[in-house]
There are 2 protein chains.
Amino acid sequence: MDDYPLDGTAALPPADIAAAWERELPGVPTSSIGVLTPLWRAAKTLAEERRRTLARLGLDAATLDLLSTLRRSGPPYTLTTRQLAAQTLVTAGAISQRVARAERDGLVVRQASTASRRAVAVVLTDAGHARVGTAVRALLEHEEALVAALDPVEREALGALLARLGTAAG
Amino acid sequence: MDDYPLDGTAALPPADIAAAWERELPGVPTSSIGVLTPLWRAAKTLAEERRRTLARLGLDAATLDLLSTLRRSGPPYTLTTRQLAAQTLVTAGAISQRVARAERDGLVVRQASTASRRAVAVVLTDAGHARVGTAVRALLEHEEALVAALDPVEREALGALLARLGTAAG
DNA sequence: GCCTCAACGTTTAGACCTAAACCTAGGGAG
DNA sequence: CTCCCTAGGTTTAGGTCTAAACGTTGAGGC
């Protein structure tokens, strides 16, 4: 995966991509490219960075997302499948699979919910509790260093612009 | 997948996530959350939007990425596996699988490269050429509408900040 | 002329996701 | 009491990705 021999054909600057489409499909609107291409690339680069960091800790992003949602919910560190799906922005089917893997690894357990007999309560085990604490500390420290490329004012502006773009599409 | 019954537990604002970690793990640095959470969410929302748009056209994002990279390269609309991997930011293995699916669907063909006997030339078929033209027009028009939530100055600023963040991590 | 190593592709194992089918448990209408 | 519909979960089919193992094919050293 590391390094491709960059034989003159690496990722193009957004302006070049827009110019290429203008040539191939004259008249097509290209102004979104200047925003979305950097967005895809930043998200991908940061996701890879996160994956590498987590791999050293024996976790993956999906499992961390599950465990950290439970941990952030506070005592008694329990949420239903449905609640997890809503907070993590994935489908209930995906949660079901994540929980199955995490349960296999002893990080969570499934119990009958006290509230409703239909619901399933996903509970963080002691091992899961400890694991997510360590991982989140490491991850937040690492990511703090990455966003340090921007000063506080720029970070604020970037977060706000992304939130507006995200809600515009949602 | 549509709508979760939002039983009071939807996606939290970044500030609340940061507060929860400060409570669970006192002293942990949380300032990256204000940038990265909106970034993940915007990327995910826009990716879903793109998936829906492409599904109506009978394409998926991975295939479009392959076909559009070939189309943007201009005549003779041919690149090697390695060149495709470099430009699309995925591994050569992923390209190999994408090409296999696209070839099965008659959108590209594999030929021996004229330049090197080791290399494989992936060539856009007429069907692939037409398909990508239609899809890219539809997609760029749709995405133009999405980024219209930001004015030109904001779009410029957002693209520049994302580019800096992406290269800082890369 | 051989040998070895690097480059190019493909394949495989393991994880992940969505959409859709499927099961079960309750609640409400009659 | 029964029937049906809905909500919560799980399962399955199909597609996606990475990392790593595995063939080949050239190219350069000796």
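Residues numbered from 1 in each chain as written. Chains lettered and ligands numbered in written order. Predicted model: local features only at pLDDT ≥ 70, side-chain atom pairs only at ≥ 80, totals over all residues. Heavy atoms only, no water.

The name given to chain A in an unreviewed UniProt entry is Transcriptional regulator, with Promicromonospora citrea as the source organism.

### Side note on the interface of chain A and chain B
Contact with chain A, which involves 77 residues of that partner, is made by 77 residues of chain B. With both sides pooled, the region where chain A packs onto chain B buries about 7200 Å², and carbon together with sulfur makes up 70% of that total. The tally of links between chain A and chain B comes to four salt bridges. Notably, a salt bridge pairs Arg164(A) with Glu154(B), separated by 2.8 Å at the nearest N-O pair. Across the chain A-chain B interface, the total number found is 15 residue pairs in polar contact (both at pLDDT 80 or more). Looking at the side of chain A that touches chain B, the elements with two or more residues in it are helix H1 (14–24), helix H2 (33–56), helix H3 (61–72), helix H4 (81–88), helix H6 (126–147) and helix H7 (152–169) of chain A. When residues of the side of chain A that touches chain B are assigned to their parent elements, the largest contribution, 16 residues, is made by H2(A). (Contact = heavy atoms within 4.5 Å. Buried area = accessible area lost by both parts, 1.4 Å probe. Salt bridge = Lys/Arg side-chain N within 4 Å of Asp/Glu carboxyl O. Polar contact = N/O pair within 3.5 Å; in protein donor to acceptor, adjacent residues only side chain to side chain. Helix = DSSP H or I, 4+ residues; strand = E, 2+ residues; numbered from the N terminus.)

### What about the sheet that holds strand S3 (residues 120–124) of chain B?
Residue and element names in this part refer to chain B. Sheet architecture is open: three strands sit in the order S1-S3-S2, paired in antiparallel fashion. Two strands bound the open sheet, and with one partner strand each, they are strand S1 (78–80) and strand S2 (108–112). This sheet shows a mean twist of 30° between the axes of neighbouring strands, independent of strand direction. For S2 and S3, the ladder comprises five bridges, and the chain directions are antiparallel. Looking across to S3, one finds that glutamine 111 is bridged to alanine 121. In the packing of helix H3 (residues 61–72) onto the sheet, contacts are made with S1, S2 and S3, and the angle to S3 comes to roughly 90°. Together, S2 and S3 form the strand contacts of helix H5 (residues 92–104), whose direction differs from that of S2 by roughly 115°. (Pairing = 2+ DSSP bridges. Axes fitted to C-alpha atoms, helices over the stretch in contact; angles between N-to-C directions.)

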